[in-house]
Amino acid sequence: MSDQPAFAVTTGMRRRAAGQAAAAQPERRLGGVQVRRTAGRVVEIILLTAVALLVVSPIYWTIVTSLRTPAQSFSNPPAWIPTHPLWSNYSAVFSNVPFWDFLLNSFLITGCIVIGQMITCCLSGYAFARLRFRGREPIFWAVLATMMVPIQATIIPVFLLVKEFGLFNSRTGLILPVVATAFGTFLMRQYFLQMPKELGEAATVDGANQWQVFYRIYARLAGPPLATLGVLAFAAYWNEFFRPLIFLSTPTKFTLPLGLVTLQGYLGTGSVSVVLAGVVLSLIPTLIVFLFAQRRLVEGLTFGSVKG
Amino acid sequence: MALALPRRHARTAGAKTGTDLHRRRETRFAWLLILPTILGVGLFTAVPIVGSFVLSLFNYSIISPTKWVGLANYSALLHDSNAQHAFVVTIILTVGIAIAQVVVGLALAVAVQRRTGWARSLYRAAFFVPLLVSGASVSIVMSYIFDSQFGVLNYYLGLIGLPQVSWLDSTWGAIFTVMIVVTWQQLGFTFIVFSAALGAVPRELTEAARVDGAGGWRVFRKITLPMISPSILFTVTVGVINQLQLFDQPYVLTHGGPGNATQTVVLDIYEQAFQNLRFGYASAISVILFIVVLVATFLQFRISRRWVFYS
């Protein structure tokens, strides 16, 4: 490369300036500063690790305490290392409450919401990004404006509507109101806007109709944003508590969070370990999703922060 | 672009009716695609927000006849010290949590940013994991940990010689507990957002400042902080909107207590509507909550013009 001589010059200069180098890089000579800096780094790492352990400790405590005998479960100090893990707490969860029902309901409800949102938002996001029709902008902004409405501000009319449709105390009543969302539409639209227009135009020239342009070309490319939307919706609705509390009344229709609170109320403080076993069980699916879709989840959570 | 334009013009000139047909088809197709979203969002968000306002003008309960009361529900709110208390508590919790989340999340993001390799991934996972636990589960777990008599927390506080705190049995204890628990749980959100923002700060900028002799703290204050200020605005806005609607933690952890110490607005709405069946009155509270959310968001964006830096 042409800058080889220049490199030689700089090395030559460096060698010549070797005497002044110590002055230019004070850390190298002044050992005190170096030591202080290393010490600072060690302190920082120790602090950071302490905070990290502190943050994780309630979760770890939950796991180890779920393995103690119900009688011991509320005695201190906690058994940080389970020497005699008692797995029967986990089967006790199933015998005390209809836990299989909770699990199944959570999977059904969350699954339907996730799939539903992926479909509706993919369709509308594409239309708002790629199709031209009268009123597109005002309609889009009207949809977007509903993002500002907190769910609690609408919960009473939504509850009355759901009751009117005969969907009170049904899984459908929980699914239907959130199958389409403004956030999902916005997210999908942003991604479709980034896709090259030429793809669709080329397909149209080749004789593809509108549905084929959408379904065969753009929808096929929308995998990553759809995964992001799906993971976000999963995290939100798997953990949802407020709406299930209001919309469901029969325990066999409860979702996990509601079921766990029921379990806690049912067992009282008598057997903490059994309640915690239920908490651990409800956490497993989310942890699995997190392991496989960490990047998508992070992407979804930071979406919107870029533009400020 | 320069090439595409003339061709499109040629097509429009050539087959005017064809284009009209095409446009009509595109419109019909577009409407087909947005129909589910329009129906869903319209029926379950747009109509209900109007519905909340309309309901707030009635005495409405499922068991007694509906009666028009005008603004009586709102004037009743002026004399309802319980509801006013709920707004005060909610605002205290919101402000406390928002500050804690930003400060702690940012400090941790900065510290983790300096680590590399597997250590960084491990720290990230540690700070992120609480976000995956449901508010209900977290509250169940924390109700045991923060228990004043038998809780692990007070046990260790006693062990290192600190006084026992009546976390859940005193007014401020309960408020702080809810703050700590929510901050702990949602730390992952601010942490992740700040991590992404810090990663996007150009290294040339910070390095140039360092070469010019600026110390670490000054580089952070003068360069890093302005560069990531949009993400601070983002986390504060999202956090405030979320916390104004706080429900799960106070409901499960403190039941709004002791007394009504942690009775948030949404807890109040829930009790008025679904326990006392005063749907009209509860709607009035939810309308006020909606207005508070809007005003808070608007104010943040107004004030942000002074401190948020857009490159």
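Values in this document were obtained by computation on a predicted structure and should not be read as measured data.

Q: Just give me the short version of unusual backbone geometry, but keep the residues and values in it.
A: Despite not being glycine, A:N169 shows a phi value in the positive range, around 55 degrees. If you trace the backbone, A:N169 turns up in the loop between α8 (151–164) and α9 (171–175). For A:N169, a count of 14 C-beta atoms within 10 Å gives the class partly exposed. Even without being glycine, B:H255 reaches a positive phi, approximately 55 degrees. Along the polypeptide, B:H255 turns up in the loop between α11 (248–254) and α12 (265–275). Among the residues examined, B:H255 registers 14 C-beta atoms within 10 Å and is labelled partly exposed.

Q: Can you break down the packing of helix α5 (residues 88–96) of chain A against helix α16 (residues 272–302) of chain A residue by residue, with the values?
A: Residues and elements named next belong to chain A. For the pair α5 and α16, the least separation of the axes is 8 Å and the interaxial angle reads 90 degrees. Taken together, the axes of α5 and α16 are roughly perpendicular relative to one another. Two secondary-structure elements touch here, α5 through N89, Y90, A92, V93 and N96 and α16 through S273, V274, A277, G278 and L281.

Q: Break down the nonpolar core for me, with residues and values.
A: In this structure, A:Y126 and A:M188 are the most contacted members of the largest nonpolar core, which totals 146 residues. The leading source of residues in this core is helix α8 (residues 171–199) of chain B, at 13 residues. Split by domain, this core shows at least three residues from each of two domains, domain 1 (17–68) and domain 2 (77–307) of chain B. Discounting residues that sit within four places of it in the chain, A:Y126 has contacts with A:M188, A:F192, A:F214, A:Y218 and B:L33.

Q: Tell me what's going on with the confidence of the model for chain B, and back it up with residues and numbers.
A: Residue and element names in this part refer to chain B. In the predicted model, chain B carries a mean pLDDT of 87, and 94% of its residues have values of at least 70. Element-level pLDDT for chain B is lowest in helix α1 (residues 4–14), with a mean of 45, against a maximum mean of 94 in helix α4 (residues 81–113). Here residues 1–15 is a poorly scored stretch, pLDDT under 50, and it has one contact once near neighbours within four places are set aside; other chains count. Scored as a whole, the predicted complex attains pTM 0.85, and scored at its interfaces, ipTM 0.85.

Q: Please provide a residue-by-residue account of the domain arrangement of chain B, values included.
A: All names here are of chain B. Domain annotation for chain B reports domain 1 (17–68) and domain 2 (77–307). Centre-to-centre separation of domain 1 and domain 2, based on C-alpha positions: 34 Å. Tallying the contact residues gives ten residues for domain 1 and eight residues for domain 2. Elements supplying a minimum of two residues to the side of domain 1 that touches domain 2: α2 (16–55) and β1 (58–59). It is α2 that provides the largest number of residues to the side of domain 1 that touches domain 2, a total of three residues. Partitioning the side of domain 1 that touches domain 2 into residue classes produces six nonpolar, four polar and no charged.

Q: I'd love a proper account of the interface of chain B and chain A, names of residues and values included.
A: Contacts between the two partners involve 71 residues from chain B, matched on the other side by 65 residues from chain A. Ranked by residues supplied to the side of chain B that touches chain A, first place goes to α2(B) with 20 residues. Grouping the constituent residues of the side of chain B that touches chain A by class yields 55 nonpolar, 13 polar and three charged.

Q: Go over the environment of A:S282 with me, naming the residues and quoting the values.
A: Assignment of secondary structure puts A:S282 in helix α16. Between the C-alpha atom of A:S282 and that of A:P257, which follows or precedes it by 25 residues, the distance is 7.9 Å. Apart from residues no more than four positions distant in its own chain, A:S282 is found in contact with A:L256, A:L260 and B:S137.

Rules behind the numbers
Residues numbered from 1 in each chain as written. Chains lettered and ligands numbered in written order. Predicted model: local features only at pLDDT ≥ 70, side-chain atom pairs only at ≥ 80, totals over all residues. Helix = DSSP H or I, 4+ residues; strand = E, 2+ residues; numbered from the N terminus. Buried ≥ 20, exposed ≤ 12 C-beta atoms within 10 Å, placed from the backbone. Axes fitted to C-alpha atoms, helices over the stretch in contact; angles between N-to-C directions. Parallel < 35°, antiparallel > 145°, perpendicular 65-115°, else oblique. Contact = placed C-beta atoms within 7 Å. Core = buried A, V, L, I, M, F, W, Y, C linked by C-beta atoms within 7 Å. Domains from an automatic or database assignment. pLDDT = per-residue confidence, 0-100. Nonpolar A, V, L, I, M, F, W, Y, C, P; charged D, E, K, R; others polar.

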